[in-house]
Amino acid sequence: MSDIAGADQAARLAGAGLSGADLSREGLSGGGLPGAGLRGAGLPQVVQDAPAAVLVVDLDNGDVVFANALAQQLAPGTSLPAGIAYWSRVAGLRDASGEDIEDGPAPLRRVASGEPVTGEAITAARESDATSAREALWVVGIPLVDAPPPLATHALVVMLPLREQQAVAELQEVGDLRHRAVLSTDLSFSISDPHREDNPLVWVNPAFERTTGYSFADVSGRNCRFLQGPGTDRDAVARISKALAEDEPVTEVLLNFRKDGTAFWNEVVISPVFDADGRLTHHVGVQSDVTARVEAAAERDRALEAARRANARLEALARVSTALSSRLDSDEALALLPGLVVPDLARWAFAVASDASGRARSVHVAHGDEALADVADALAGEPWSGTVELSLLAEVLSGAVTTATTWDADVEEMAGRLTDPAAAEALRTMGLGRVVLVPLRARGRTTAALGLVLGDGPPPSPQDLATMADVGVRAGLAIDNARLYEREHAAALTLQRDLLPDLPEVDDFDLAATYLPAAVGAEVGGDWYDVLDLPDGGLGVAIGDVMGHDLAAAASMGQLRSVLRSYAWSGDEPGAVLRQLDLLVRGLGMAGLATCVYARVVCAQVGDGCAVTYAKAGHPPPLLLTPGLGVHRLDQALTTPIGVAAAKTVVDQAEVDLPPGASLVLYTDGLLERRDRPLRQGIDELEALVASAPEDADATALRDLVVDHFTADGADLDDDTCVLVVRRRPTA
């Protein structure tokens, strides 16, 4: 029989209001299995979670007249009635010494002769092609001499599977009849008559009377349901009734009650008995007190549940820490939080942000049941100010309550305060009940609250409350860190916008530029561009990249840009500008590593000739797009980055023509570099893209073509980047 003493039985035991301590006080905890008190003496333990093989033997002729399903498996294909010796031979029964039972004074022969058998070990054949192992059985034979006719001329034989076979062998060797008798007499048997109204009991053995406290006079003529009481599983009772109605054997574990009212777990095996013509005559029941087994299983399940909950708490903490520590948006972090704690810590959860006055500003909701996700969405988003003002939640948000607090919330009262009917109905659907409110605090202030809705379940354990408080600490710190980042981010963006120039209006030239922040750090950095309408009529064009993308990089970029502007304004050539910039940076320690391109565009006073003189300090090459000639990389005049000592003091420069309609494309490496793509490959891709641009594309169109292509996959940039396009307008 399958072991039903798992979580289901633990729940039944709890449902009956019985704990292990209750059973111990009633004297039940040590006497569940037959012979449990003698186990230390080597008494074999009957395996009670397997069904017994049951025979009914006619004492007048020694024939087996009934065999239940398991007994039929022992002697397959045997037609009844059959002589006890023949049945034993087909079943391959042997005694403890290994001798075939039909050849000696075996227990079944003695039972057939009317002699009781108080318990003996035998084995049954179950050889196959794969194994020659035999099944160990414990045999009990009871002549039903005191049963009503026609049972009085019959004997009941029960064969139960055994464990601890070595102990059985030792017991046989020492011939400890007292122990065997105790085991046998501790097995409860009963017989009922299905042809009488309500299928009453017509016989029970003394062990039944001792186990239940009821005498034969108490139970004779009564259906055995008198053993049932509060906590008895009605579904199990229904399964027994159904099996009996269908003339099928059945095994169930039930919570039963003795005559004095004490509870015990009873494993019941009931087999129908048929006569030679196949007519049902009686039901044979074997009862075993398995309280100790159920109690042990319940304790095991409680330990497993405690371990599961502990593991769930740790997993919830890990999820919160991992997910929120990487969030740089405080609202996004708060919105994630409820989904990170269900269902491990609550049935459903909500997070409420507060404004400067401590009032609810926004609500985020998640339910542990995915089927209620849409219902949770209907409740999210609406400010709960009307709900919060008169509740404990208001005290938490205001900072008056700074520790995790249990709140018994009335769902109708709270739903009545919501102004949105859909939100109110969603709240009723999800329910409230017991709620644990956890303030999310950091740096001495409460910024939000987390509500963990437990419903009508048991109150949280001290370990649960400690975990919930820990979640509040971690989430509060992560959200406050995101809030501080947002403040720094806003300041950094303001600084970045102030440092980047407005492009001048220049005759004969079309200009377009963009700055894209990185997705990490403060989202600002050291990338910059500049265009100068020089006093001598030339056009100064610069682009650079200071290592880093934070406020320090932005500040260094501002210094470099100012210094380069001053040297360029004086009319110096590009090579000289970069050489002086490098000397000043290294001499004064103004900034860290930086790359830069500076180009000077000068057009002739007569004719349409324009020349670009340029120099590069460790920077990727600009691209020159010339109508009819394609793309040319400006890869000459390269020296070491700014701030790195060079082997020579003179910075080379190079010169190219810039005909009408030609475009100069400058960029920083953040546009092209990816973790899965080297810079050189990115430059090749950019060159092919620029070459594909329409000949009439102005500076803005060419800039947008480049930016859209390299950000089309929607992925965040690993580095900030600048793109600057300078196009000489075509002649009329």
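Treat the numbers as computed from the prediction; the structure is a model and nothing was measured.

Cut-off values and rules
Residues numbered from 1 in each chain as written. Predicted model: local features only at pLDDT ≥ 70, side-chain atom pairs only at ≥ 80, totals over all residues. Heavy atoms only, no water. Helix = DSSP H or I, 4+ residues; strand = E, 2+ residues; numbered from the N terminus. Areas by Shrake-Rupley, 256 points an atom, 1.4 Å probe, with all protein chains shown as cover. Salt bridge = Lys/Arg side-chain N within 4 Å of Asp/Glu carboxyl O. Buried < 20%, exposed > 50% of the residue type's maximum accessible area, 1.4 Å probe, protein only. Pairing = 2+ DSSP bridges. Axes fitted to C-alpha atoms, helices over the stretch in contact; angles between N-to-C directions. Parallel < 35°, antiparallel > 145°, perpendicular 65-115°, else oblique. Left-handed = near helix turned anticlockwise from the far one by under 90°. Contact = heavy atoms within 4.5 Å. Nonpolar A, V, L, I, M, F, W, Y, C, P; charged D, E, K, R; others polar. Phe/Tyr/Trp six-rings, centres within 6.5 Å; stacked < 30°, edge-to-face > 60°.

### A few points about the overall build of the protein
Here is step 1 of the chain: When its secondary structure is counted, the protein shows 22 helices and 28 strands.
Here is step 2 of the chain: Summed over all atoms, the accessible surface of the protein reaches about 32,000 Å², with 52% contributed by carbon and sulfur.

### Here we look at the pattern of salt bridges
Here is step 1 of the chain: By the definition in use, this model includes 25 salt bridges.
Here is step 2 of the chain: Between Glu332 and Arg327 there is a salt bridge, and its shortest N-O distance comes to 2.7 Å.
Here is step 3 of the chain: Of the residues examined, Arg327 reaches a relative accessible area of 30% and is grouped as partly exposed.
Here is step 4 of the chain: Via salt bridges that share partners, Arg110, Glu115 and Glu120 belong to a single interconnected network.

### Quick word on the sheet that holds strand S2 (residues 63–67)
Hydrogen bonds between backbone groups are what pair the strands of a sheet, and the pairing can be parallel or antiparallel.
Here is step 1 of the chain: One open sheet holds the seven strands; their spatial order is S3-S2-S1-S7-S6-S5-S4, and the pairing between them is antiparallel. The sheet is open, and its two borders are formed by strand S3 (82–83) and strand S4 (94–95), each paired with just one other strand.
Here is step 2 of the chain: Pairing of strand S5 (residues 117–125) with strand S6 (residues 134–143), which is carried by seven bridges, proceeds in the antiparallel orientation. Each bridged residue has a counterpart across the sheet, and for Ala121 the counterpart in S6 is Trp138.

### Some remarks on the packing of helix H11 (residues 291–325) against helix H12 (residues 330–341)
Here is step 1 of the chain: Packing of H11 against H12 brings their axes to within 10 Å, and their N-to-C directions diverge by 160°. In terms of their interaxial angle, H11 and H12 are classed as roughly antiparallel. Here H11 runs over H12; the crossing is right-handed. Residue-level contacts link Ala316, Arg319, Val320, Ala323 and Leu324 of H11 to Ala333, Leu336, Leu337, Leu340 and Val341 of H12.
Here is step 2 of the chain: Looking at the contact of H11 with H12 residue by residue, the class counts come to nine nonpolar, no polar and one charged.

### Points about the sheet that holds strand S23 (residues 623–626)
Here is step 1 of the chain: Taken in spatial order, the five strands of this open sheet run S18-S28-S27-S23-S24, and their pairing is antiparallel. Each edge of the open sheet is held by one strand with a lone partner, namely strand S18 (509–516) and strand S24 (630–633). Sheet twist, expressed as the average angle between the axes of neighbouring strands with direction ignored, equals 15°.
Here is step 2 of the chain: The pairing of S18 with strand S28 (residues 721–728) spans eight bridges and is classified as antiparallel. Across the sheet, the residue bridging to Asp510 is Arg727, located in S28.
Here is step 3 of the chain: On the sheet, helix H21 (residues 679–691) packs against S23, S24 and strand S27 (663–667) and is oriented at approximately 145° with respect to S24.
Here is step 4 of the chain: Packed onto the sheet, helix H22 (residues 699–710) meets S18, S23, S27 and S28 and runs at close to 30° relative to S18.

### Some details on the packing of aromatic side chains
In this description, a pair of aromatic rings is defined by centroid distance and the angle of the planes.
Here is step 1 of the chain: Tallied over the entire structure, the rule returns three aromatic pairs.
Here is step 2 of the chain: Where Phe66 meets Phe274, the ring centres are 6.5 Å apart and the plane angle is 50°; that geometry is what we call tilted. Of this pair, Phe66 sits in strand S2 while Phe274 sits in strand S11 (residues 263–274), and the two are 208 residues apart along the sequence.
Here is step 3 of the chain: For the ring pair Tyr214 and Phe226, a centre distance of 4.8 Å and an interplane angle of 65° mean the geometry is edge-to-face.

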